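# Summary of the model geometry
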Amino acid sequence: MEETVEGTVEDTEETEEVVEEEITEGDDGAEKSSKSFFKKDKKEKKDKKDAQIEELKDKLMRQMAEFENFRKRSEKEKSQMFEIGAKSIIEKILPVIDNFERGLGAISEEEKEGAFAQGIEKIYKQMVTSLEEAGVTAIEAVGKEFDPNLHNAVMHAEDESFGENIVSDEFQKGYMYKETVVRHSMVKVVN
């Protein structure tokens, strides 16, 4: 029985050592796993924070881009509204310019020297200059090739002294505001 007891004691000592080693390994393993668990947790937190930061950066960049687009669109709309308003005013002023031209054309050579006729001519020139400064220009028509984008043909005639599709007469002046036609020239086209 002593052998058994001694064997048991030895087995017990070996068992204790194994258990201690397992516990030590268990502790190391637990520490490692707990460390790795905490590291994963920290990494997960960092990953979540990084992802959230990236998401917020993305949202911020998108909002900034949207605001920039809104600003550009507003500027464009504002300039378009200004041009539409300016074009509308110009359309209303053009008949006055036409009447000045008709009136000045009806004055005889003798009356042109008078103060009244000279005053009317100065007012006409001032209006034309003001319109030119605002970006309004008269469309050149007589002697030019007919362009349907600029001219409105109201008559057609045959004349050998002119070339093909040439404007011979202008009945009403056409005007452009910057790059837009405000009023087409009413013209007579030959050939």
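Let's shift gears to the nonpolar core. Formed by 14 residues in total, the largest nonpolar core has its most connected members in Ile90, Val136 and Tyr177. Leave out the neighbours within four places in its chain, and Val136 touches Ile90, Leu131, Tyr175, Met176 and Tyr177.

Moving on, we get to the side chain of His151. With respect to the secondary-structure elements, His151 resides in strand E2 (residues 151–157). Among the polar contacts listed, one links the side chain of His151 to the backbone oxygen of Glu140, at a separation of 3.5 Å. With residues near it in sequence (within four places) discarded, His151 still touches Ile139, Glu140, Ala141, Glu145, Phe146, Val167, His184, Ser185 and Val187.

What the rule picks out here adds up to 1 aromatic pair. For the pair Phe100 and Tyr124, a centre-to-centre distance of 6.4 Å together with 40 degrees between the ring planes defines the contact as tilted. Residue Phe100 is located in helix H1 (residues 2–106), and its partner Tyr124 is located in helix H2 (residues 115–133); the two are separated by 24 residues in the primary sequence. Neither residue differs from the other here; Phe100 and Tyr124 are each classed as buried.

Analysis parameters
- Residues numbered from 1 in each chain as written.
- Predicted model: local features only at pLDDT ≥ 70, side-chain atom pairs only at ≥ 80, totals over all residues.
- Heavy atoms only, no water.
- Core = buried A, V, L, I, M, F, W, Y, C linked by side-chain atoms within 4.5 Å.
- Buried < 20%, exposed > 50% of the residue type's maximum accessible area, 1.4 Å probe, protein only.
- Contact = heavy atoms within 4.5 Å.
- Helix = DSSP H or I, 4+ residues; strand = E, 2+ residues; numbered from the N terminus.
- Polar contact = N/O pair within 3.5 Å; in protein donor to acceptor, adjacent residues only side chain to side chain.
- Phe/Tyr/Trp six-rings, centres within 6.5 Å; stacked < 30°, edge-to-face > 60°.

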